[in-house]
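Spelled out, the chains give:
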Amino acid sequence: AKFRHDKIREAAYGRIGANERVRYHHDIGMALYSNIPGFDADANVMLFTTVGQLNRGISLILEYPSEMRISIAEMNCKAGMKAIECSNFESAYKYLKAGIMLLPDGSWNYHQTLCVELYSLLSRAAYALGILDDAFQASKMIIENIKMIEDKLDIYILYIKILFAQDDAVKAFNTCRWVLRRLGENVPPPEVVEDIGVHATVKTTYSMYIGFSTSELLGMEESKNPIHIAIMNFYRELIFVSFKVITKQLIYYYICRWAQYNSTNGFCRHTPECLASFACALNDWFDFSRESYKIGKVAVDLMKKYDVVSDCAPFVYLAVYSSVALLVEPYQSCADMLQRGYEFSMSKGDTDLASRNLVLMVQNLYFGGTKLSVLKKTISSRIHLETQRSHQILLPFWLIFEDTVFTLIGDQEMLSPNIEADLTEGGTVSSDYLDFLCHQRMQSSYWLGHYDRAKYYAERKIRQGLLKFKSIVSEFYFGLTAIKIFQRKGKKVWINRTEKSIASMKKAAENSEWNFQNKVYLLEAELSSVSKHIDNDEALEKYNKAIEAAKRSKFIHEEGLACELAGFHCNRVGDKTNALNFLSRAKECYNEWGSRMKVKFIENQIRRINATFD
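*Asks:* Is there a simple way to think about the overall build of the protein in this case?
*Replies:* The helix and strand inventory of the protein stands at 33 helices and 0 strands. Relative to its full complement of 614 residues, the protein shows a buried share of 54%. Taking all contacts inside the protein whose residues are at least 6 apart in sequence as the whole, residues at least 24 apart take part in 69%. Accessible surface, the protein as shown: approximately 27,300 Å² in total, 52% of it carbon and sulfur.

*Asks:* What is the right way to read empty space enclosed by the protein from this model?
*Replies:* A water-sized probe rolled over the atoms picks out the places where empty space is left. What the rule picks out here adds up to 3 cavities of 30 Å³ or more. One number sums up the size of the largest cavity: a volume of about 60 Å³. Lining the largest cavity are Tyr127, Lys161, Phe164, Arg236, Glu237, Phe240, Val241, Asp350, Asp352 and Leu353. Breaking the lining of the largest cavity down by element, the ones donating at least two residues are helix 10 (153–165), helix 15 (226–242) and helix 21 (351–367). A class-by-class count of the residues in the lining of the largest cavity yields 5 nonpolar, no polar and 5 charged.

*Asks:* Sorry, what's going on with the nonpolar core here?
*Replies:* Generally speaking, soluble globular proteins have nonpolar side chains that are buried together. With 213 residues, the main nonpolar core has Phe234, Tyr254, Tyr321 and Leu522 as its most contacted residues. Among the elements that line this core, the one with the most residues is helix 10, at 11 residues.

*Asks:* Help me understand the packing of helix 29 (residues 513–530) against helix 30 (residues 536–552) in this model?
*Replies:* The relative placement of two packed helices is expressed as an angle between their axes plus a distance between the axes. Packing of helix 29 against helix 30 brings their axes to within 8 Å, and their N-to-C directions diverge by 160°. The pairing of helix 29 with helix 30 is recorded here as roughly antiparallel in orientation. Where helix 29 crosses over helix 30, the two elements pack in a sense that is left-handed. Taken together, the residues of helix 30 that come into contact with helix 29 (itself represented by Trp514, Asn518, Tyr521, Leu522, Glu524, Ala525, Glu526, Ser528 and Ser529) are Glu538, Ala539, Lys542, Tyr543, Lys545, Ala546, Ala549, Ala550 and Arg552. Here the contact of helix 29 with helix 30 is composed, by residue class, of 9 nonpolar, 3 polar and 6 charged.

*Asks:* Help me understand the environment of Asp432, please; the structure alone is not making it clear to me.
*Replies:* Turning to its location among the elements, Asp432 is positioned in helix 25 (residues 431–448). Residues Asp432 and Phe243, 189 residues apart in the sequence, show an inter-C-alpha distance of 8.3 Å. Once you skip the residues sitting within four places of it in the chain, Asp432 turns out to touch Phe243, Lys248 and Phe397.

*Asks:* Even after reading the chapter, I still don't get helix 32 (residues 576–593), so can you show me in this structure?
*Replies:* Three- or four-residue spacings in an α-helix give side chains the same orientation, since the helix completes a turn every 3.6 residues. With 18 residues, helix 32 should reach 26 Å at 1.5 Å per residue; the first-to-last C-alpha distance of 25 Å fits that figure. Backbone geometry just downstream of helix 32 places Gly594 in the positive-phi region, at approximately 100°.

Calculation criteria
- Residues numbered from 1 in each chain as written.
- Predicted model: local features only at pLDDT ≥ 70, side-chain atom pairs only at ≥ 80, totals over all residues.
- Heavy atoms only, no water.
- Helix = DSSP H or I, 4+ residues; strand = E, 2+ residues; numbered from the N terminus.
- Buried < 20%, exposed > 50% of the residue type's maximum accessible area, 1.4 Å probe, protein only.
- Contact = heavy atoms within 4.5 Å.
- Areas by Shrake-Rupley, 256 points an atom, 1.4 Å probe, with all protein chains shown as cover.
- 1 Å grid on protein atoms, 1.4 Å probe; cavity = no way out; pocket = protein on both sides within 12 Å on 5 of 7 lines; lining within 4 Å.
- Points joined across faces, edges and corners; volume = space filled by probe spheres on them.
- Nonpolar A, V, L, I, M, F, W, Y, C, P; charged D, E, K, R; others polar.
- Core = buried A, V, L, I, M, F, W, Y, C linked by side-chain atoms within 4.5 Å.
- Axes fitted to C-alpha atoms, helices over the stretch in contact; angles between N-to-C directions.
- Parallel < 35°, antiparallel > 145°, perpendicular 65-115°, else oblique.
- Left-handed = near helix turned anticlockwise from the far one by under 90°.
- Expected span 1.5 Å × (residues − 1).

Take a look at the structure:
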C-alpha cells in the first residue's frame, strides 16, 4: 500500500511544472516558517524540513527584504551546524551554501557574526567532503574580512589543513610560523635550525621531563590562558604539515620546541598531542627506553583528564600506536587503537588523519597475521575511495600495500615493476614513502624467495635510518635473508649479519615478548641449522619454540614460516619424515592466512621430498 501511495505522489508531483514547483516549495516552506515561534528551539524537529522547502524556493526568497533573508540564512546556519554535529557533511554543505546565497550586500558590516559562522561551517563541511576549492575560498573570506588575529585563530587552523590537503605544504608550514610569530612565539626557519643543532635541543628537552613520574605528569596544573592554548594548537599543525616540507631531524627540533613551550607555560588540552609527538621523537632519536613509552601513555591518559578524547584521539593514537607502543604492546591491540583513531577522525570530518590512522592500522594487522582476504577487502575499498578524492596523498601507500597483499595471496605472479621504479637512485620520493616502500618490498621479496632483492631493500632501509619500529622488523627479515645468502655464498659476513639481527631482536623482546620473542627463536634456529658443527636437537628445539611463540601471539604467518624453515632444516639433515610433518603444518598455516602463493610453494616442496622416498 505504501508503495502505491508513493507512486501516486510521484505521478502527481511530476505533473507540476518546474516553475510551479518552486512556488509550491516556497509556499510550503513559508507556512512551516510562520509556525516556528521565534525560531529559538534547538530541538525543533521541523527545522530541516522547513529549511529544505525554503531552499528549493530560494529564487523567490532572494527577492525578499534583507531582514527576512537574514532570518532564513540564520535557519540555514543552524541546520548546517546540526547536520555537521551528526557528521552529515553533504546536507550541511547544501544548507550553508544556501545560507550564504541569502546574505544581502554589506552583511560583513552589519551581520559579521552570522557571516563568520556560515563561512566557517561551510569551510569545515567542504573540507570534510574534499571540495577543497570551496573550503579554501570560505576560509579565505573570513581571514580577509576579520581584522584581529585573535578572532580568526580557529579558521586559520582549518585554512592550514586545507592548504596541506591541496598539496601546498610549504605555504601551510609558513602560515603556521607566521601565526605563531603574531602570537609572540618566534619559531626559526629550517635553515636557521640546522645551525642551532638538533641533538642538543632534544637532550635539553628530554631533561625537562625525565625527572617526573607518571603521576606527577598527570597532576600538572592546567593552563587556561587562551593565547597559550592557541600557540600549542598551531605548534601541532606546524608538526603535522612539516613532514612534507623538511627532514625528520628538523621535525624533531620543532617537536622539542613544542614540548619546551608546553613544559614552560603549563599543560593544556593540546598537551596530549604534544607529548605523543615528543615520545615519538625520543623513540626515534635515542635507543628505545621505557621513558618514551611512559610519555606516550601519559599523553593517552591526559586526553581523559582534559575530556578531549574526541578532539585529540586521532593525532595521539596515530603517534603513539604507530610508534612507541608497537615496541611494547601487541600488534593487534595497537591496530585496535588506530581503528579508534580512524573512527574519531571520520566523526570530525578530518579525512587526512583518518586515512593515516587507517593505513597504519592495516599495516599492524598485516604484522599480526590477519587473514590476507580481510586486508585485501579493506585495501581495495580504500583505493576506490582515495581515487575519488581531489587530494590523494596516501594513495601511493595503499597501492604498495595492494601490490604486497595481492602477490602474497597469489592474485598476481610478481611485484609490480611500476611501483619498483619509484625507488630509483636520485628519485624525488618522500622519506615516509621510501620507508614504507622499502619495508613492504623487503618482506615481500623474502616471502617470494627473492633474497638478493630483500637484501637490497633491507640495506637501503637501514642505511636511511628510517622509522625505528620498522627497522627492528627489517632486522628480522634481514637476518633470515642473510642465512639464505650464506647458504649460497658461504661467506661469514652473512653469519655476522644474522647475529646482529638476533641482538636487535633480543633487545626488542625485553620490552615485548609478544611481538618479538618468536623472531628471536627463529633466527637462533636458523643460525644453529647452518653452523659448521650443527646440533640437530638444539636446532629443532629452537624451531619448536619459534612455532609455539608465534602461535601464542596469533602470528599465523610467522607460525607457518617457522614450520616451513624447520621442514627445510629436517630435509637437509636427512629427516624426511619430520620434514614432511613440518611442511604440512606450514601449508595449514598459510592456507589459514590466505596465501595461495605460499600454499602452492609448500605443495611443490612436499612433492619433491616424497619423490625422494624409496
